[in-house]
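# Observations on chain architecture
Here are the chains, one letter per residue:
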Amino acid sequence: MAHERRCLGYRRLHVLLRQERFTVNHKWLFGSTARKGCRSAGDPAQSTRWARARTMIVPQLPNERWSPDFVSDRFIDGRRLRILVVVDDCTRECLALIPDTPIVGIRIVRKFDRLVGEHGTIVSENGTELTSNAIPQWADRNKLAWHYIAPGKLVQNNFVESFNGRLRNELFNETLFRSLLHARAALEA
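Residues numbered from 1 in each chain as written. Predicted model: local features only at pLDDT ≥ 70, side-chain atom pairs only at ≥ 80, totals over all residues. Heavy atoms only, no water.

Examined bridge by bridge, strand E2 (residues 80–88) and strand E3 (residues 94–100) share six bridges and lie antiparallel to one another. Paired with Ile83 across the strands is Pro99, a residue of E3. (Pairing = 2+ DSSP bridges. Helix = DSSP H or I, 4+ residues; strand = E, 2+ residues; numbered from the N terminus.)

Dropping the structure here:
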């Protein structure tokens, strides 16, 4: 499995092995996968994740494919603000804007539980929040396909990136956030 999915980290491999009923010590898995390394982004045919992400077409029905992503900003006092953005790729509708200071996988899963409906695929980048153990476990429980774009290929997730640009221009560049409550109210409006 580590040879087939060379760019998956040891934690993700550990979750996949547990799903297939294998018991492997995560420390041993870390040692054995750390030596293998990751193939370069210039060789996307070598990874099943990248091959799937490259061949995806524009969805024709609402809720067929979602794209989550993160946008960062700062409060007036300098603290960092992270916002999870979820966009429906067919309708280009923003389904969720979740601001928080740190956003962890468990919080993302709770929000997806509220949003989940009949949809087929979720496409995201490889950020740490979206590759935590909570995400593949949730996708497996809900029988959803979760695909990751190739590293550095943001055009594979262009609908949410376009929305993020408009969000930054129309809201972040015009608003100074005083607190998390202020950010939540501004995003809600």
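From this point on, the discussion continues.
Let's shift gears to unusual backbone geometry. If you check the backbone angles, Asn63 has positive phi at about 65 degrees while not being a glycine. Looking at the element boundaries, Asn63 is found in the loop between helix H3 (48–54) and strand E1 (65–74). A residue is classified by how much of its surface remains accessible, and Asn63, at 29% relative accessible area, is partly exposed. Residue Lys143 is not a glycine yet carries a positive backbone phi of 55 degrees. Residue placement: Lys143 occurs in the loop between helix H5 (134–141) and strand E5 (145–148). (Buried < 20%, exposed > 50% of the residue type's maximum accessible area, 1.4 Å probe, protein only.)

What follows is about the packing of aromatic side chains. Under the definition given, this model contains six aromatic pairs. Considering the side-chain rings of Phe172 and Phe177, the 5.9 Å spacing of their centres and the 80 degrees angle between planes classify their relative orientation as edge-to-face. We note that Phe172, like Phe177, is buried. Among the aromatic residues, those joined into a cluster by ring pairs are Trp66, Phe112, Trp138, Trp146 and Tyr148. (Phe/Tyr/Trp six-rings, centres within 6.5 Å; stacked < 30°, edge-to-face > 60°.)

Moving on, we come to the side chain of Asp100. Secondary-structure assignment places Asp100 in strand E3. In terms of polar contacts, Asp100 uses its side chain to reach the side chain of Arg107, at 2.2 Å. Among all residues touching Asp100, those that are not within four sequence positions of it are Leu81, Arg82, Arg107, Leu180 and Arg184. (Polar contact = N/O pair within 3.5 Å; in protein donor to acceptor, adjacent residues only side chain to side chain. Contact = heavy atoms within 4.5 Å.)

A few words now on the side chain of Asn164. Among the structural elements, Asn164 can be located in helix H6 (residues 158–172). Given the relative accessible area of 7%, Asn164 is considered buried. A polar contact of 2.9 Å, which involves the side chain of Asn164, links it to the side chain of Asp69. Those residues within four positions of Asn164 in sequence are excluded, and the remaining contacts are Asp69, Phe70, Val71 and Val85.

Here the focus is the packing of helix H4 (residues 105–115) against H5. Two quantities define a packed helix pair, namely the angle between the axes and the distance from one axis to the other. Running from N to C, H4 and H5 cross one another at 25 degrees; their axes reach a closest spacing of 9 Å. One finds that H4 runs roughly parallel with respect to H5. Considering only the axes of H4 and H5, their crossing is right-handed. Contact with H4, carried on its side by Gly105, Ile106, Ile108, Val109, Phe112 and Asp113, involves Ala134, Ile135, Trp138 and Arg141 of H5 and no other residues of that element. The class makeup of the residues in the contact of H4 with H5 is seven nonpolar, one polar and two charged. (Axes fitted to C-alpha atoms, helices over the stretch in contact; angles between N-to-C directions. Parallel < 35°, antiparallel > 145°, perpendicular 65-115°, else oblique. Left-handed = near helix turned anticlockwise from the far one by under 90°. Nonpolar A, V, L, I, M, F, W, Y, C, P; charged D, E, K, R; others polar.)

Keep in mind these values describe shape, not function.
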